[in-house]
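Here is what each chain is made of, one letter per residue.
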Amino acid sequence: MSTFAPAPGAAPVGRQLLTQAGMEARLMLRNGEQLLIAVVIPVIVLVGAVRGSEKVGLDLGGKPIDVLTPGVLALAVMSTAFTSLAIATGFERRYGVLKRLGTAPLSRATLLGGKVLALLVVEVFQFVVIGGVGLALGWSGPSGVVGVLGVVLAALCGTAAFAALGMLLAGSLRAEATLAAANLVYLLLLAGGAVVLPADQYGGLGDVVRWLPSGALGEAMRSACDGAIAVRDLVVLAAWAVAGSALTARTFKWE
Amino acid sequence: MRYGDTVAVDGLSLTVERGTITAVLGPNGAGKTTTLETCEGYRRPQAGTVRVLGLDPVRERRTLLPRIGVMLQSGGAWSGARADEMLHHFARLHAHPLDTGVLMERLALHECGRTPYRRLSGGQQQRLGLALALIGRPELVFVDEPTAGMDPQIRRAVWELLDELRHDGVTVVLTTHYLEEAERLADKVHIVDRGRLVASGTPLELTRGGTVATLRIVVTQPFPPGAPAALAAELGPGTELTELDPLSIQLSGPADSSTLATVAAWCAAHDVLPESLSLGQRNLEDVFLELTGRETLS
């Protein structure tokens, strides 16, 4: 019996893509720290901000829950596509996972495709949880078909922009530095990046922060929930995605 | 048809034949891993030519990758992934993978299949690495120190497996710092030092079929002046004397049944009482020491 008789060959790309995406999504959803940043923190932010703004009577230009839920959905995209992806990829580099995957018949495009698909799977899960909490607190949800389409477009463009930036970080810094930087940037953008709070709450700075990927994603998500597609913000996100990808392609170190 | 590879680390040139086990042996920093990584397409040689299965490992990597299996020296798994999950994952990336259950059992991994990678012992991680290299049914496998950190029983199981791979037509290129491993497994041994090939041959060729014996004498008091040289002269032409340190010498050369009598007479004449005296055939270790002048491997 020839157990090991050679029969080499790569699996079809479709199967590889699903395998890679499934593995990465499972690892993310199984990791306690990742779940904390993916779901627990956004839910705390949502509940806290709604209660807080009601208490101090903050004027957000609408019902607090309707303004804040889209912002928290944007925050969820940022936490997964940027922070989680950067940290996971940084440690994949550090522990030689990327090197080992490089010995499998898996192209870089399929590997990246798998990563993006995994991010989208995690985001669907986040949207179900955060949306559920929002609805329970009286959120009216995205208005109409255009609204739903707008949410999907915002999530896709936001994922592209933040994933490109996350990979840029992970491919150039050491794993520990990536961990620190990804969390720091996340906190800074959460506080001052117009993700959760609308850009017009930042006064004169509002026009500036809208050009940040965080502000653009937040605004795109809020517009979508109001039933409009914010073309300008989507274009800003696409531009960040293109610039980030180009830089990443030039600087990414696999080992 | 051209098979195998021609590798340049520093003018290093070697060819591997299909269906054989080739061992690359050398001290730390000799360039073993670099040589392997050049064959695997991780490194682009600054000069020279590398062909693996007739392909350029860098330019034609996509065509080459499905046909080779690579075992890295360490690491390479998600710390939270379970051993069986990791192996299944790699199986699904290939068209005709081996049965994961059978492979886990052969490598004694079935007991730790549900254990996350970070909790596996060093030896278990090594075996998983080997399993990942084999799962896609490659024609050629590169294994970097396959049995480092394994207990003797498991090491034997891995040797049997590598033997079976060769039997089934798989070509194996391994680096090792266990001379016993090279001596026992390899059809051909390449000894590499400082990026250069210093010797090549079958284990038998390298040890020259046992016509040369090695005599080691260790004493507690320094040798009387001139005594070692006198012994070398008495043992006849072709004997090489190496003074390993003030208290031990090594002589290698032709030996016959009178050799021990000569040594005994020399001890009496020079009033030398050996603490230990050993006479043996040259083995790969002696060859290795001679060629690289180093005591320790890896």
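Nothing here was measured: the structure is a model prediction, and the numbers come from that model. (Residues numbered from 1 in each chain as written. Chains lettered and ligands numbered in written order. Predicted model: local features only at pLDDT ≥ 70, side-chain atom pairs only at ≥ 80, totals over all residues. Heavy atoms only, no water.)

Engineer: Provide a residue-level description of the sheet that holds strand β2 (residues 68-71) of chain B, including the pertinent values.
Structural biologist: Residues and elements named next belong to chain B. Read across the sheet, six strands follow the order β2-β3-β4-β1-β5-β6 without closing on themselves; strand pairing throughout is mixed. A single partner strand is all that each edge strand has here, and the edge strands are β2 and β6 (196-201). Taking each pair of neighbouring strands and ignoring which way they run, the sheet shows an average axis angle of 15°. As defined by bridge partners, strand β1 (residues 21-25) adjoins strand β5 (residues 188-193) across four bridges and the pair is classed as parallel. (Pairing = 2+ DSSP bridges. Helix = DSSP H or I, 4+ residues; strand = E, 2+ residues; numbered from the N terminus. Axes fitted to C-alpha atoms, helices over the stretch in contact; angles between N-to-C directions.)

Engineer: Explain the domain arrangement of chain B to me, and be specific about the residues and the numbers.
Structural biologist: Domain annotation for chain B reports domain 1 (21-205) and domain 2 (208-282). For domain 1 of chain B versus domain 2 of chain B, the distance between C-alpha centres works out to 41 Å. (Domains from an automatic or database assignment.)

Engineer: Got a sec to walk through helix α6 (residues 152-167) of chain B? Specific residues and values, please.
Structural biologist: All names here are of chain B. For α6, with 16 residues, the first-to-last C-alpha span of 23 Å sits near the 22 Å given by 1.5 Å per residue. Among all positions in α6, only Ile154, Arg155, Val158, Trp159, Leu161, Leu162, Leu165 and Arg166 are buried. Angular distribution of buried residues about the axis of α6 spans 160°; they occupy a single face of the element. For α6, the exposed residues set more than 90 degrees away from the buried face come down to Pro152, Gln153, Glu160 and His167. Turning to α6, the residues buried within the fold contact β1, α4 (100-106), α5 (122-134), β4 (171-176) and α7 (179-185). (Expected span 1.5 Å × (residues − 1). Buried < 20%, exposed > 50% of the residue type's maximum accessible area, 1.4 Å probe, protein only. Arc of directions from axis to C-beta. Contact = heavy atoms within 4.5 Å.)

Engineer: Describe the packing of aromatic side chains, naming the residues involved and giving the relevant values.
Structural biologist: For the coordinates displayed, the defined rule picks out four aromatic pairs over all chains. Ring centres of Phe82 of chain A and Phe162 of chain A lie 6.1 Å apart, and the angle between their planes is 65°; this geometry places the pair in the edge-to-face category. Of the two residues, Phe82 of chain A sits in helix α3 (residues 64-94) while Phe162 of chain A sits in helix α6 (residues 144-172), which places them 80 residues apart along the sequence. Classification of Phe82 of chain A as buried rests on a relative accessible area of 5%. On the basis of relative accessible area, Phe162 of chain A is assigned to the buried category, the value being 1%. For the ring pair Phe223 of chain B and Trp266 of chain B, a centre distance of 6.4 Å and an interplane angle of 40° mean the geometry is tilted. Residue Phe223 of chain B is found in the loop between β7 (212-219) and α9 (227-234), and its partner Trp266 of chain B is found in helix α10 (residues 259-270); the two are separated by 43 residues along the sequence. Look at Phe223 of chain B and you get buried, because its relative accessible area is 13%. Its end group placed over the ring of Trp211 of chain A, Arg232 of chain A keeps NZ or CZ at 4.7 Å from the ring centre. Here the basic side chain of Arg61 of chain B rests over the ring of Tyr42 of chain B, its NZ or CZ set 4.9 Å away from the ring centre. (Phe/Tyr/Trp six-rings, centres within 6.5 Å; stacked < 30°, edge-to-face > 60°. Lys NZ or Arg CZ within 6 Å of the ring centre and 35° of its normal.)

Engineer: Please set out empty space enclosed by the protein residue by residue, giving values where relevant.
Structural biologist: By rolling a water-sized probe across the atoms, one finds the places where empty space is left. All names here are of chain B. All chains considered together, the criterion is met by four cavities of 30 Å³ or more. The space that makes up the largest cavity amounts to roughly 90 Å³. Around the largest cavity sit 14 residues that line it, and Ile68, Gly69, His94, Leu132 and Ala133 are the ones nearest its centre. Among the secondary structure elements, those contributing two or more residues to the lining of the largest cavity are β2 and α5. Take the lining of the largest cavity: its biggest share by element is three residues, from β2. Residues that form the lining of the largest cavity fall into these classes: eight nonpolar, four polar and two charged. Counted as a void, the second largest cavity has a volume near 70 Å³. At the level of elements, β7 and β9 (248-254) are the ones that each hand at least two residues to the lining of the second largest cavity. Ranked by residue count, the leading element in the lining of the second largest cavity is β9, at four residues. (1 Å grid on protein atoms, 1.4 Å probe; cavity = no way out; pocket = protein on both sides within 12 Å on 5 of 7 lines; lining within 4 Å. Points joined across faces, edges and corners; volume = space filled by probe spheres on them. Nonpolar A, V, L, I, M, F, W, Y, C, P; charged D, E, K, R; others polar.)

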